[in-house]
Amino acid sequence: QLDILKSDTQLINAYYEKISDIKLKDQYISFITTSFDVVIRVDTFIKNIIAKLNKKNNVKVTIEYSQLFSKLVDEYDINNLPIKEMVDLCKTMAANSNPQVRSAATNFLCAIYKWIGNDLKLIIKDIKESTLKIIESELEKVEVVVEQKGKKKISDNNNDNNNNNNNKNDNGEGVIN
C-alpha cells in the first residue's frame, strides 16, 4: 500500500501542470484516468491535486483540474470521492477574483450537486451572497440523481409534486408506468 501511495505522489508531482498544456492535456487525462485503480487511487489523486492547487495559484491549472474532477464525479461512485475536499476547493474557487475560476467552481458544484442534492446547499452557505445566488440559480437547473436500492432515480428537485401527479389517472388513482 505504501508503494502505491508513493507512486501516486510521484506521478502527480511529475505531471501536475501538464493538464494546462494544450498539446499534452488529452494524453495526460487519458493516462491518469486509465491508471485509476491500477496504479493510482482516484480519491488519493484528487486529494493530492487539491493540496497542490491550494498551494499554487495557477488559474489555468485550477480550471482544468476542476473540469477533470467534474467528469470524475460522474464516472466514479461519489461515496468514494473526497467530497469535503472537493467542496472546499470549490468554495476557494468561488471566492477567486477571476470570473473563469468562479464559473469553473459553479460547474464543479453542479456536478457534485447532481449526486448529493440539497445537502450541498448546507455545506456552501458560507460563500459570498452574490456568488451564492449565481451558484444556486445554476443548481436549480441540475437533475438530482438519488440512489435507491442499487437503482438510480432521476428526480427534478423543483417539480417532485408534479411528477407524483403525472402518475395518477383521471380518477386520481395511482398508476404505475
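Residues numbered from 1 in each chain as written. Predicted model: local features only at pLDDT ≥ 70, side-chain atom pairs only at ≥ 80, totals over all residues. Heavy atoms only, no water.

Draft legend 1. How the structure looks around the overall build of the protein. Regarding its fold elements, the protein presents nine helices and two strands. The linear arrangement of helices and strands in the protein, starting from the amino end, is α-α-α-α-α-α-α-α-β-β-α. Out of the 177 residues belonging to the protein, those deemed buried represent 38%. Looking at the protein as shown, the accessible area adds up to about 10900 Å², and 47% of this sits on carbon and sulfur atoms. (Helix = DSSP H or I, 4+ residues; strand = E, 2+ residues; numbered from the N terminus. Buried < 20%, exposed > 50% of the residue type's maximum accessible area, 1.4 Å probe, protein only. Areas by Shrake-Rupley, 256 points an atom, 1.4 Å probe, with all protein chains shown as cover.)

Draft legend 2. Fine view of the confidence of the model for the protein. Per-residue pLDDT for the protein averages 79, and the proportion of residues at 70 or more is 73%. Per-residue pLDDT stays below 50 along residues 148-177; that stretch engages in 31 contacts with residues further than four places along the chain or on separate chains. (pLDDT = per-residue confidence, 0-100. Contact = heavy atoms within 4.5 Å.)

Draft legend 3. View of the pattern of salt bridges. Taken as a whole and judged by the stated rule, the model has eight salt bridges. Across the pair Glu64 and Lys60 runs a salt bridge, and its minimum N-O distance is 2.9 Å. Of the two residues, Glu64 and Lys60 both sit in helix H4 (residues 59-75), four residues apart, roughly one turn of that helix. Looking at Lys60, the relative accessible area reads 42%, which means it is partly exposed. Notably, a salt bridge pairs Lys114 with Asp74, separated by 3.4 Å at the nearest N-O pair. Pair noted here: Lys114 is in helix H6 (residues 99-116) and Asp74 is in helix H4, with a separation of 40 residues, a long-range link. On the accessibility criterion, Lys114 (27% relative accessible area) is partly exposed. The exposure class of Asp74 is partly exposed, given its relative accessible area of 39%. (Salt bridge = Lys/Arg side-chain N within 4 Å of Asp/Glu carboxyl O.)

Draft legend 4. Spotlight on the packing of aromatic side chains. On inspection of all chains with the given rule, the structure shows five aromatic pairs. Note on Phe69 and Phe108: the rings are 5.9 Å apart at their centroids and 45° apart in plane angle, and the pair reads as tilted. Of this pair, Phe69 sits in helix H4 while Phe108 sits in helix H6, and the two are 39 residues apart along the sequence. For Phe69, a relative accessible area of 0% gives the class buried. With a relative accessible area of 0%, Phe108 lands in the buried category. Through a chain of ring-to-ring contacts, the aromatic side chains of Tyr28, Phe45, Tyr65, Phe69 and Phe108 assemble into a single cluster. (Phe/Tyr/Trp six-rings, centres within 6.5 Å; stacked < 30°, edge-to-face > 60°.)

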